[in-house]
Amino acid sequence: MTLVTTGSDEIVEQVCKQLNKLIDVVKLVDLTQDIHVERELILIKVKAQKEVRDEVKRIVDIFHGHIVDLTDSTYTIEVTGDREKIDAVLNALESVTILEVVRSGQLGIARGAMAII
């Protein structure tokens, strides 16, 4: 599980201590201490009638997203990236009707050979 929190060093340290007290926690790693990769995933269902289908497809292509489901009247779009990219794709889609949004929140993993094992 990835947990994202903000606060001073003392607050983050307290969160880590409280998590370590939980029985089900096997290992806790603070990824901000080393180089790491962070990404978010978003699925967006939009109304895609004939007149806006090309515009939606163009926006998806600009953000290197994918249309993962389509019907006669909707597209379901998948985009991954950092928080700024996810926010930008939502802003770009403001001109169409967004029916539903599912957003993962930040996911992170250490770079290189380090692994949580």
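All figures in this text were calculated on a predicted structure; none of them were measured in a lab.

S.K.: Hey, could you run me through the overall build of the protein chain in this one?
M.R.: The secondary structure content of the protein chain amounts to three helices and five strands. For the protein chain, the α and β elements follow one another from N to C terminus as α-β-α-β-β-α-β-β. In terms of C-alpha radius of gyration, the protein chain reaches 19 Å, well past the compact-globule figure of 13 Å for 117 residues. In terms of its C-alpha atoms, the protein chain occupies a principal-axis envelope of roughly 55 × 25 × 25 Å. The burial tally for the protein chain puts 21% of its 117 residues in the buried class.

S.K.: When you look at the pattern of salt bridges in this model, what are you seeing that I'm missing?
M.R.: When their charged atoms lie close together, side chains carrying opposite charge are able to pair. Enumeration over the complete set of coordinates arrives at five salt bridges. With its nearest N and O atoms 3.9 Å apart, the salt bridge here joins K45 to E100. Of this pair, K45 sits in strand β1 (residues 36-47) while E100 sits in strand β4 (residues 98-103), and the two are 55 residues apart along the sequence. In this structure, a network of salt bridges that share partners links the residues E40, D87 and R103.

S.K.: Help me out: how do you make sense of the side chain of E40 in this one?
M.R.: Here E40 shows up in strand β1. E40 sits in the buried class, given a relative accessible area of 5%. Engagement of the side chain of E40 in a polar contact is seen with the side chain of R103, the distance being 2.6 Å. With near-sequence residues (within four places) excluded, E40 lies in contact with V79, T80, G81, R83, I86, R103, S104, G105 and Q106.

Rules of the game
Here the residue index of a chain counts from 1 through its sequence in written order. Under the rules for a predicted model, residues below a pLDDT of 70 receive no local features and side-chain atom pairs below 80 are neither given nor counted, while totals for whole chains, interfaces and linings still include all residues. Calculated side-chain values reflect all of the structure's heavy atoms, with hydrogen atoms and water omitted. Runs of H or I in DSSP of at least four residues are treated as helices and runs of E of at least two as strands, each being numbered from the N terminus. To get the radius of gyration, use the C-alpha atoms; to get the globule rule, take the number of residues to the power 0.38 and multiply by 2.2 Å. Burial classes follow relative accessibility: with a 1.4 Å probe on protein chains only, a residue under 20% of its type's maximum area counts as buried, one over 50% as exposed, and anything between as partly exposed. Any Lys or Arg side-chain nitrogen located within 4 Å of an Asp or Glu carboxyl oxygen qualifies as a salt bridge. Under this definition, polar contacts are N or O atom pairs within 3.5 Å; protein pairs additionally need one hydrogen-donor-capable and one acceptor-capable atom, and for neighbouring residues in sequence, both atoms have to be side-chain atoms. Between two residues, a contact is recorded if the distance between any of their heavy atoms is within 4.5 Å.

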